[in-house]
Amino acid sequence: MKRRNFIGTSAAASVGFLTTSVANANNKKDAQPDKLKYNINHSVCYWCYGTIPFEDFLKNLVELDIRSIDLVGPEEFPLLKKYNIHASMCWGAGLGIEKGWNDLSLHEELIADYERVIPLVAEAGYTNLICFSGNRNGMDDLVGLRNCAKGLKKLMPLAEKHGVVIQMELLNSKVNHKDYMCDTSEWGVSLCETIGSENFKLLYDIYHMQIMEGDIIRNIEDYHQYYGHYHTGGNPGRHEIDETQEIFYPAVMKAILKTGYTGHVAQEFVPSWDDKLAALKQGVTICDV
């Protein structure tokens, strides 16, 4: 399953980590890198690097000491095992971003699909499986919240049995995903409280929430118990997370660590550099606080 199935668009290799910020895409560094601290468990969303064949990309991750990957499904699991790369956020169930759990008419199909994939995720030794609220399409937010809770509650016994955490992604409805319902922490946290299971969390996308609500660090401090996973991205533009954009990621990462979080942070920016892997190395280095 490709990321374009979810977002409607898709994005459009050097070994070692950069020890300093890279200001130019073509500026190659020859110095030997420092070893990653791994206070942050680093991951990366493959769709951002989809021009690189998947197996080649896994080899790149091994060379870069990035031990996890996001947004992969059961068809990719065998290759992950081959290269000892962990799936930190799985997909493979659902109807995409626009058609989600807020639509009661889709519940039968969604429940059957998630009941199929949850055991596959667990059998492979993974934990997280993504889901989406769907678009509003004129629906009141409270009605949509109740609809989501009604369907997702039916999945919780199976998710709890298999130790799988269903995670709804917080996305912006201002720039990228017009009309998407789960577009604020407040709405998402209310859904978590309504469902009332530790096997339902929010995927907190820092880029998306910077657009919708800002106050990133305060929200992480206040709502971290509801956030089960994090994605990065530079704003504006969703490109590199360096000094070319407005979010200071080292401070955000320190705030995440301060909450006691032990999950993964996945790079989900779309590289603008010609050397996409150099951009990835820089992003991981920035977050390796």
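Per an unreviewed UniProt entry, the recorded name for the chain is Hydroxypyruvate isomerase, and the organism is Maribacter arcticus.

(A) Up close: the packing of helix α2 (residues 54–64) against helix α10 (residues 276–287). At a minimum axis distance of 12 Å, the contact between α2 and α10 shows a crossing angle of 40°. When the axes of α2 and α10 are compared, the pair comes out oblique. In terms of crossing hand, the pair formed by α2 and α10 is right-handed. Between α2 and α10, the residues in contact are Phe 57, Asn 60, Leu 61 and Leu 64 and Leu 277, Leu 280 and Lys 281, respectively.

(B) Summary view of the packing of aromatic side chains. Within the structure shown, the criterion is met by 9 aromatic pairs. Seen from their ring centres, Tyr 204 and Tyr 227 are 4.4 Å apart, and the 35° between their planes marks the pair as tilted. Within this pair, whereas Tyr 204 is found in strand β6 (residues 200–205), its partner Tyr 227 is found in strand β7 (residues 227–231), the two being separated by 23 residues in sequence. As far as the burial class goes, Tyr 204 and Tyr 227 line up, both buried. Three or more aromatic residues joined by ring pairs form one cluster here, namely Tyr 46, Tyr 49, Phe 54 and Phe 57. One Lys or Arg, Arg 67, reaches over the ring of Tyr 38 and ends 4.0 Å from the middle of that ring.

(C) Spatial organisation of unusual backbone geometry. Here the bond from Asn 235 into Pro 236 is cis, since omega is 0°, no more than 30 degrees from zero. Within the fold, Pro 236 resides in the loop between β7 and α9 (249–258). Of note, Asn 137 is a non-glycine position whose phi angle comes to about 50°, a positive value. The topology assignment puts Asn 137 in the loop between β4 (128–131) and α5 (141–162). Here Asn 137 falls in the exposed class, since its relative accessible area comes to 64%.

(D) Quick peek at the pattern of salt bridges. Per the counting criterion, the structure on display carries 8 salt bridges. The partner of Asp 65 in a salt bridge is Arg 67, and the shortest N-O contact between them spans 3.0 Å. In this structure Asp 65 comes out as partly exposed when scored by relative accessible area, which is 22%. The salt bridge partner of Arg 136 is Asp 183, with a shortest N-O separation of 3.2 Å. Of this pair, Arg 136 sits in the loop between β4 and α5 while Asp 183 sits in the loop between β5 (165–169) and α6 (185–195), placing them 47 residues apart in sequence. Among the ionic contacts, a cluster of salt bridges with common partners joins Arg 136, Asp 141 and Asp 183.

Rules and cut-offs
- Residues numbered from 1 in each chain as written.
- Predicted model: local features only at pLDDT ≥ 70, side-chain atom pairs only at ≥ 80, totals over all residues.
- Heavy atoms only, no water.
- Axes fitted to C-alpha atoms, helices over the stretch in contact; angles between N-to-C directions.
- Helix = DSSP H or I, 4+ residues; strand = E, 2+ residues; numbered from the N terminus.
- Parallel < 35°, antiparallel > 145°, perpendicular 65-115°, else oblique.
- Left-handed = near helix turned anticlockwise from the far one by under 90°.
- Contact = heavy atoms within 4.5 Å.
- Phe/Tyr/Trp six-rings, centres within 6.5 Å; stacked < 30°, edge-to-face > 60°.
- Buried < 20%, exposed > 50% of the residue type's maximum accessible area, 1.4 Å probe, protein only.
- Lys NZ or Arg CZ within 6 Å of the ring centre and 35° of its normal.
- Salt bridge = Lys/Arg side-chain N within 4 Å of Asp/Glu carboxyl O.

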